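So you can see what is in the structure, the chains are spelled out below.
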Amino acid sequence: MKDRGVMKAKVFVTLKKGVLDPQGKAVGEALASMGYSEVKGLRIGKFIEVELDTSSKEDAGKRLKEMCEKLLANTVVEDYRVEIE
Amino acid sequence: MRFGIIVFPGSNCDHDCYHAAKHVMGQEAEYIWHKDTSLKGFDCIVLPGGFSYGDYLRTGAIARFSPVMNEVIHFANKGGCVIGICNGFQILTEAGLLPGVLMRNRSLKFICRNVYVRVENNQTMFTNAYQKNQILNIPIAHADGNYFADKDTIKRLEDNNQIIFRYSTQGGRITEDVNPNGSVNNIAAIINEKGNVFGAMPHPERVCESILGGEDGRGIFEGIIKRQ
């Protein structure tokens, strides 16, 4: 019998272009003030690891898209990207 | 009339709302646990301020899926009176009952102080006790009150008079200096298109009695009660 095992997925949630990111701006400015003067921009997002009990990559992709749309991202201001291992 | 005040795990202004509705305004008021699934017999549903689910992921994002929220959405779609204050406003936007989103304050700081807001529209069931352009002195207390929506949504809100309060000077001027959190167009409170769902970052329930520092928030409750 084939073990279903656990599928791992990575979800990246980032602010859409044009949406102000005060936290990223503050961190970017901090780096610049520390001497990393090459830092010209910095934006902060979220990285979410999800473990799924499923064997179908296709199903996992569909379900993860739903999860992102419903809860993990607020699509008014955020984009998301999913990677399944 | 009967106010129902929803209690999420992490709500902390539920008691203030209860006190304002029941003891100051003399109305019936009851708490509703977030796992309840009936809003029968209530005339107005209040989503209070606080830090529901510790603000994990995004403010209001998890509370929006509390069992009671299906009923709140149903109640609102039937035209029921719903008011969300602070975290309640954040939950209403996450639930899609109000447009836009409340992002981290521009300053990245939690801001807790009194501000002035100007009443932009007094032709609503929440603001009919105020004069148009009346200036209210009301406290804010939030880290995520920076109202944002895309240009089309903002235009629609402006065109339909759905912007209810704007941060202003004491004299009623809308300037960037008095915008505490970076909100687009100094937006502090909005209403849905149908006019029955209201969201505000300022806390009217905290200024309903002079002994607590002011009465400028009473009008919200008076308006709702008068209209029912």
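Please read these numbers as outputs of a predicted model, since none were measured by experiment. (Residues numbered from 1 in each chain as written. Chains lettered and ligands numbered in written order. Predicted model: local features only at pLDDT ≥ 70, side-chain atom pairs only at ≥ 80, totals over all residues.)

Quick word on the overall build of chain A
Part 1 of the argument: If you tally the helices and strands in chain A, you get 2 helices and 3 strands.
Part 2 of the argument: Against the 2.2 N^0.38 benchmark of 12 Å for 85 residues, chain A shows a C-alpha radius of gyration of 17 Å, more extended than a compact globule.
Part 3 of the argument: Of all 85 residues assigned to chain A, the portion counted as buried reaches 12%. (Helix = DSSP H or I, 4+ residues; strand = E, 2+ residues; numbered from the N terminus. Rg over C-alpha atoms; globule rule 2.2 N^0.38 Å. Buried ≥ 20, exposed ≤ 12 C-beta atoms within 10 Å, placed from the backbone.)

Some details on the confidence of the model for chain B
When pLDDT drops low, the exact placement of atoms in the prediction is not to be read closely.
Part 1 of the argument: Put simply, chain B has an average pLDDT of 97, and 100% of its residues get 70 or more.
Part 2 of the argument: Across the assembled chains, the prediction reports ipTM 0.86 with pTM 0.94. (pLDDT = per-residue confidence, 0-100.)

Some details on the sheet that holds strand β2 (residues 28-33) of chain B
Residue and element names in this part refer to chain B.
Part 1 of the argument: Read across the sheet, 9 strands follow the order β2-β1-β3-β4-β11-β10-β9-β6-β7 without closing on themselves; strand pairing throughout is mixed. For this open sheet the edge positions go to β2 and β7 (135-142), each flanked by a neighbour on one side alone. Neighbour-to-neighbour, the strand axes of this sheet turn through a mean angle of 25°, independent of strand direction.
Part 2 of the argument: The pairing of strand β6 (residues 111-119) with β7 spans 8 bridges and is classified as antiparallel. Bridging from a neighbouring strand, N114 pairs with P139 of β7.
Part 3 of the argument: Contacting β1 (2-7), β2, β3 (44-47), β4 (81-85) and β11 (197-200), helix α2 (residues 67-77) runs over the sheet at an angle of about 125° to β4. (Pairing = 2+ DSSP bridges. Axes fitted to C-alpha atoms, helices over the stretch in contact; angles between N-to-C directions. Contact = placed C-beta atoms within 7 Å.)

Observations concerning the interface of chain A and chain B
Part 1 of the argument: Listed as interface residues are 8 residues of chain A and, on the opposing side, 11 residues of chain B.
Part 2 of the argument: Of the residues that constitute the side of chain A that touches chain B, the class distribution is 6 nonpolar, 2 polar and no charged. (Nonpolar A, V, L, I, M, F, W, Y, C, P; charged D, E, K, R; others polar.)

With respect to the environment of G41 of chain B
All names here are of chain B.
Part 1 of the argument: Inspection of the secondary structure assignment puts G41 in the loop between β2 and β3.
Part 2 of the argument: Given 9 C-beta atoms within 10 Å, G41 falls into the exposed group.
Part 3 of the argument: C-alpha separation for the pair G41 and R2, spaced 39 residues apart in sequence, amounts to 7.4 Å.

Let's talk about the sheet that holds strand β2 (residues 46-52) of chain A
Residue and element names in this part refer to chain A.
Part 1 of the argument: Spatial ordering of the open sheet is given by β2-β1-β3, a layout of 3 strands whose pairing is antiparallel. The outermost strands of the open sheet, each flanked by one partner alone, are β2 and β3 (78-84). Adjacent strand axes in the sheet meet at a mean angle of 20° when their direction is disregarded.
Part 2 of the argument: The pairing of strand β1 (residues 7-15) with β3 spans 7 bridges and is classified as antiparallel.

Comments concerning unusual backbone geometry
All names here are of chain B.
Part 1 of the argument: Positive phi values are uncommon outside glycine, yet Y53 reaches one of about 50°.
Part 2 of the argument: Using a count of 22 C-beta atoms within 10 Å as the deciding quantity, one classes Y53 as buried.
Part 3 of the argument: At C86, a position not held by glycine, the phi torsion is positive, near 60°.
Part 4 of the argument: Here C86 is to be found in the loop between β4 and α3 (87-94).

Overview of the pairing of β4 of chain B
All names here are of chain B.
Part 1 of the argument: Within β4, 5 of the 5 residues are buried, leaving the element largely enclosed by the surrounding structure.
Part 2 of the argument: Residues of β4 alternate between two faces, with C81, I83 and I85 on one and V82 and G84 on the opposite face, all of them buried.
Part 3 of the argument: As paired strands, β3 and β4 are joined by 4 bridges and run parallel to one another. Across the sheet, V46 pairs through a bridge with I83, a residue of β4.
Part 4 of the argument: Traced from β3 through α2 to β4, the parallel crossover comes out right-handed.
Part 5 of the argument: As paired strands, β4 and β11 are joined by 4 bridges and run parallel to one another. Paired with I85 across the two strands is A200, which belongs to β11. (Right-handed = clockwise from strand over helix to strand, strands pointing away.)

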